[in-house]
Amino acid sequence: MTIRAQVFALAAIVAALLSSAPSRADSQFQTPWSNQDRAIVLDGYEHNSFNLPEIIKDPRIAAFIHKGSDGMPANYHCGRIADVKDQEICRRIWRNYAVSRELYQTRRALAKALGLKWGSYHLARPGNPVEQANHFIDYAEPTSDELMALDIEDNDPTRFMSLQDGQIFAEQIKLRTGRYPVLYTNGTTAKYIADHRLQFPVLSRLPLWYARYETDIAPHFPKGNWQDYALWQFTSQSNCTKTRCPYRPNGTNRDIDVNIADMTVAQLKQAWPFDNLIPAVVPDDMPRPGERPPLTDDILMASMEPPLVDYRQLLRAPQMLAGVAARLLADAQAYLDHMDETPEAIDTMLTASITPQPVEKLTVAAIKISLQQPKAAAGERPDSQLISGMVNFCFDDAKAFRGRWPAYAMQR
């Protein structure tokens, strides 16, 4: 066998090995449209032209998602605008709005009649997210079997809805319809949401409609948060030319967007409209209970020793309380000693006819005895034992009371 023949034989062996190896189409992240079992979903807007009866001739096409509303609702009162030019612009916007909505309703009715699943998306702009959500629902009037999508083109709040407002939008959709929308966004924004999913607990759990025009997204897909995509938009006018296109359905032009699903047509129709949250994934660097987070190098610790607490002051607390009780009893007795004195301010002309009656002098000891006397059976209160205990605590002289303290409490 010549050297040339040996080279050809080796090439044939390598080709056979490669043909028997798993193809790239076996992965949902690497050209899955090459797998004829995977479902196709189209999406477009009012300026696309397509032929739905021709589209359904492709058995892989299972659904169509159409643009619904765009940003904030239009001004309802064009006649109130003073400037003539602005008033004419307002009227044109309303004419376009009416025509596009009529076109949307017509295409929806035809697509559903032909057996396609239907969905709509809202192009999110800066502005009140609640009003935009209400605008989307009023425009699209989505039924329970229709997909709803929030379209945040990029993480740029000056041009598109901010991510925080996107959460409010999704919650308003849930409030109005009882269902969550799908999140449509590009790879960069999806990765940012995944990396900051604790800040975006709603957006990070919406089913992902992933837009990236590459043949292999495995190195970029944020699998730490989303394990898989609901839809992957792999074809648009940016990567579909007149001569070459990853996938060009019948009845469409190259400006139509094409999406792949990691499921068959039957599975996609069963999973449609993807209106539930996906399971939450805890970040890897999130501290667990009982774990101390690692210290960063840029923090300077002055001391790691805990401060000492002098508990000896607590031993002096009984002595302090006894002193306070003794002073309180002395003040009370002094007040009682002066109760029988006639105040200088009493007018003797008014009290001359009053016969003075002998009054027993009040003392602290007498009050203690009176409180401790047993009550009549009929009027005895159920808390008399409690009162007696309080009397003993309050009226025992400090010395006797201190005598019952433990020895350690008497140490100075």
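Look above for the structure.
Residues numbered from 1 in each chain as written. Predicted model: local features only at pLDDT ≥ 70, side-chain atom pairs only at ≥ 80, totals over all residues. Heavy atoms only, no water.

**Q** Can you help me understand the overall build of the protein chain in this one?
**A** Check the secondary structure of the protein chain and you find 12 helices and 8 strands. Residues counted as buried form 33% of the 412 residues belonging to the protein chain. Across the protein chain, contacts joining residues at least 24 apart in sequence account for 70% of those joining residues at least 6 apart. On the protein chain, roughly 26000 Å² of surface is accessible, and the fraction owed to carbon and sulfur atoms is 57%. (Helix = DSSP H or I, 4+ residues; strand = E, 2+ residues; numbered from the N terminus. Buried < 20%, exposed > 50% of the residue type's maximum accessible area, 1.4 Å probe, protein only. Contact = heavy atoms within 4.5 Å. Areas by Shrake-Rupley, 256 points an atom, 1.4 Å probe, with all protein chains shown as cover.)

**Q** Where do I start with helix H5 (residues 163-177) in this structure?
**A** Two residues of an α-helix separated by three or four positions point the same way, owing to the 3.6 residues in each turn. With 15 residues, H5 should reach 21 Å at 1.5 Å per residue; the first-to-last C-alpha distance of 21 Å fits that figure. Within the sequence span of H5, burial applies to Leu-163, Gly-166, Gln-167, Phe-169, Ala-170, Gln-172 and Ile-173. Where H5 terminates, the next one or two residues include Gly-178, which has phi positive at roughly 80°. (Expected span 1.5 Å × (residues − 1).)

**Q** Can you walk me through the pairing of strand E6 (residues 208-211) in this structure?
**A** On any regular strand, side chains alternate: one points to one face of the sheet, the next to the other face. The alternating pattern of E6 places Leu-208 and Tyr-210 and Trp-209 and Ala-211 on opposite faces, both of which are buried. Where strand E5 (residues 182-186) and E6 come together, 4 bridges link them in parallel fashion. Bridging from a neighbouring strand, Thr-185 pairs with Tyr-210 of E6. Handedness of the crossover joining E5 and E6 through helix H6 (residues 187-195) is recorded here as right-handed. Both E6 and strand E7 (residues 231-235) contribute to a ladder of 3 bridges, which runs parallel. Residue pairing for E7: Tyr-210 is matched across the bridge by Trp-232. (Pairing = 2+ DSSP bridges. Right-handed = clockwise from strand over helix to strand, strands pointing away.)

**Q** What's the story with the sheet that holds strand E8 (residues 257-260) in this structure? I'm lost.
**A** Pairing between the strands of a sheet is mediated by backbone hydrogen bonds and can be parallel or antiparallel. Strand order in the closed barrel formed by 8 strands is E1-E2-E3-E4-E5-E6-E7-E8, with mixed pairing between adjacent strands. Sheet twist, expressed as the average angle between the axes of neighbouring strands with direction ignored, equals 30°. Where helix H3 (residues 84-113) meets the sheet, its contacts fall on strand E2 (61-70) and strand E3 (117-123), and the angle it forms with E3 comes to roughly 155°. (Axes fitted to C-alpha atoms, helices over the stretch in contact; angles between N-to-C directions.)

**Q** Looking at this structure, how should I read the pattern of salt bridges?
**A** Where side chains of opposite charge bring their charged atoms close, a pairing between them can arise. In total, this model carries 16 salt bridges according to the counting rule given. Between Lys-67 and Asp-70 there is a salt bridge, and its shortest N-O distance comes to 3.0 Å. Take Lys-67: its relative accessible area is 10%, and that puts it in the buried class. Sharing partners across several salt bridges, the network here consists of Glu-46, Lys-67, Asp-70 and Arg-125. (Salt bridge = Lys/Arg side-chain N within 4 Å of Asp/Glu carboxyl O.)

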